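Summary of structural features
Listed here are the chains, written in short residue letters.
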Amino acid sequence: MINSILDNDLYKFTMQLAVLEFFPKAEAEYRFTNRGSQRFSTEFVEKLERIIEEKISKLKLTEEEYNWLPEHCPYLKSMYVEYLKNFRFKFDEVKICLTQDKDLDIRIKGPWHSTILWEVVLMAAISELYFGTIEKDWKVNSENNYAHKSVIEAYKEKILEIGKALEENNCFFSEFGTRRRRSFEFHENVIKTLIPIKTFGGTSNVYFAKKYGLRAIGTVSHEWIMGTSAIVGLRYANRFAFENWVNVFNGDLGIALTDTFGSDVFFKDMDTKLSKIYDGVRHDSGDPYYFVDRVIEHYRKMGIDPIRKVIVFSDALDSESAIGIKKYCEGKINCSFGIGTSLTNNSVFFRKSPPLNMVIKLHSVNGISVVKLSDSPEKETGDIDAIRVANYIFGKKRLN
């Protein structure tokens, strides 16, 4: 299921580097949330625990990977690559229980710089194990008029159809689907199918980027800003996180994530200096069309030509939504797309066996609860009381 320590999203490694530089003593806790209706079993938990202890905890950077990273990801500092060479997943950081209603209770605790790599790896393992042991009927291909072909061959045709539609509409996109992939095998076939597509820019998965000579894509996720809020306070978290990201990477990886505490808060913190330093922004929640107008308005207020900047869209995209957004941005601002589950576990193709709707999110740092408010209410994460306090601080709601 997990074939290399690099079988992970690039931004987990870039954030691990940043955490080591700024918060090397911070302690973190992550928690799993299942937003869907799928349920699990005692046997599932036992198998997942064995995978963690016997497989994932044995992963280490190979000599070939060690030599590849500095050349192809030069923003990863040499001291960090040495750290990663010696890094091992600690299986005792992960505690898994089956709840009374057969859901998973997963908690990851330990040093932030150590626990930060678990999220994507665990989610990929959970997804593949679920579709390999609990829900298996999808392996018998009886729909989509592909009965005469294997499921993988039929799926490759679906992905090629998606890729060609994006290419025809000049949509530049990357693959972001590691965490909810149907399986490692499906994921690899997606990558191989997309390589001939001219507008395919790369993958967030570092292992596949290395194996297929692609660009590894990624910058930062919400947890960098969320974790920062526990250490410097909510009011200053965005600014501190953005400024110190620049200090770590000297202008590389310059895409700012906008919705950790809501985009209105983000635009207040993104002053002229930061607006000019960062190459663009990432949209991950809320109305994408309204967001385009809001970003353009912001850049013009800063005296910046929006056509020199880029928006990276990554909110549950499929080819149809990406093409619509591309047309709206045309001539106004540059755009690109990070497409995840729609490529590696497509819900239309697997309509009778939809992907797991799950997340693993940072819950606390140094015992202080953290939150993500988002621009979409259903994407809020954190303790209820912590969310109430954050909304009050940012002027979104009254604190009753």
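Before reading on, note that the structure itself is shown above.
The sections below set out a description of the structure shown in this document. (Residues numbered from 1 in each chain as written. Predicted model: local features only at pLDDT ≥ 70, side-chain atom pairs only at ≥ 80, totals over all residues. Heavy atoms only, no water.)

**Digging into the packing of aromatic side chains**
Enumeration according to the criterion identifies 33 aromatic pairs in this entry. When the centroid spacing of 5.4 Å and the interplanar angle of 25° are considered together, the rings of Tyr155 and Phe350 count as stacked. Residue Tyr155 is found in helix α7 (residues 151-168), and its partner Phe350 is found in the loop between α16 (341-344) and β10 (358-365); the two are separated by 195 residues along the sequence. Relative accessible area serves as the criterion here: at 2%, Tyr155 is assigned to the buried category. Between the aromatic rings of Phe242 and Phe266, the centroid separation amounts to 5.4 Å while the plane-to-plane angle is 85°, which identifies the pairing as edge-to-face. Of this pair, Phe242 sits in helix α11 (residues 234-249) while Phe266 sits in helix α12 (residues 263-269); the two residues are 24 residues apart in sequence, bridging distant segments of the chain. (Phe/Tyr/Trp six-rings, centres within 6.5 Å; stacked < 30°, edge-to-face > 60°. Helix = DSSP H or I, 4+ residues; strand = E, 2+ residues; numbered from the N terminus. Buried < 20%, exposed > 50% of the residue type's maximum accessible area, 1.4 Å probe, protein only.)

**A short note on the sheet that holds β10**
With respect to topology, five strands assemble into an open sheet ordered β2-β3-β1-β10-β11, the strand pairing being antiparallel. Only two strands of the sheet have a single partner each, and these edge strands are β2 (94-98) and β11 (368-369). By the bridge criterion, five bridges tie β2 to strand β3 (residues 104-111) in an arrangement that is antiparallel. From the neighbouring strand, Cys97 faces β3, where its bridge partner is Asp105. (Pairing = 2+ DSSP bridges.)

**A look at the environment of His222**
One can find His222 in helix α10 (residues 222-232). Expressed as a C-alpha distance, the spacing of His222 and Leu257, which sit 35 residues apart in the sequence, is 7.1 Å. If we ignore the near neighbours within four places in the chain, the residues touching His222 are Leu257, Asp259, Thr260, Asp284, Lys361 and Lys372. A polar side-chain atom of His222 sits 2.7 Å from a polar atom in the side chain of Asp259. (Contact = heavy atoms within 4.5 Å. Polar contact = N/O pair within 3.5 Å; in protein donor to acceptor, adjacent residues only side chain to side chain.)

**Examining the packing of helix α2 (residues 42-54) against helix α6 (residues 118-133)**
The relative placement of two packed helices comes down to the angle between their axes together with the axis-to-axis distance. Between α2 and α6, whose axes approach to 11 Å, the crossing angle comes to 135°. On the basis of the axis angle, α2 is oblique to α6. With respect to the hand of their crossing, α2 and α6 are arranged in right-handed fashion. Side by side, α2 and α6 meet where Phe44, Lys47, Leu48, Ile51 and Ile52 of the first sit next to Trp118, Leu122, Ala125, Ile126, Leu129, Tyr130 and Thr133 of the second. Across the contact of α2 with α6, the residue classes tally to ten nonpolar, one polar and one charged. (Axes fitted to C-alpha atoms, helices over the stretch in contact; angles between N-to-C directions. Parallel < 35°, antiparallel > 145°, perpendicular 65-115°, else oblique. Left-handed = near helix turned anticlockwise from the far one by under 90°. Nonpolar A, V, L, I, M, F, W, Y, C, P; charged D, E, K, R; others polar.)

None of this, on its own, says anything about what the molecule does.
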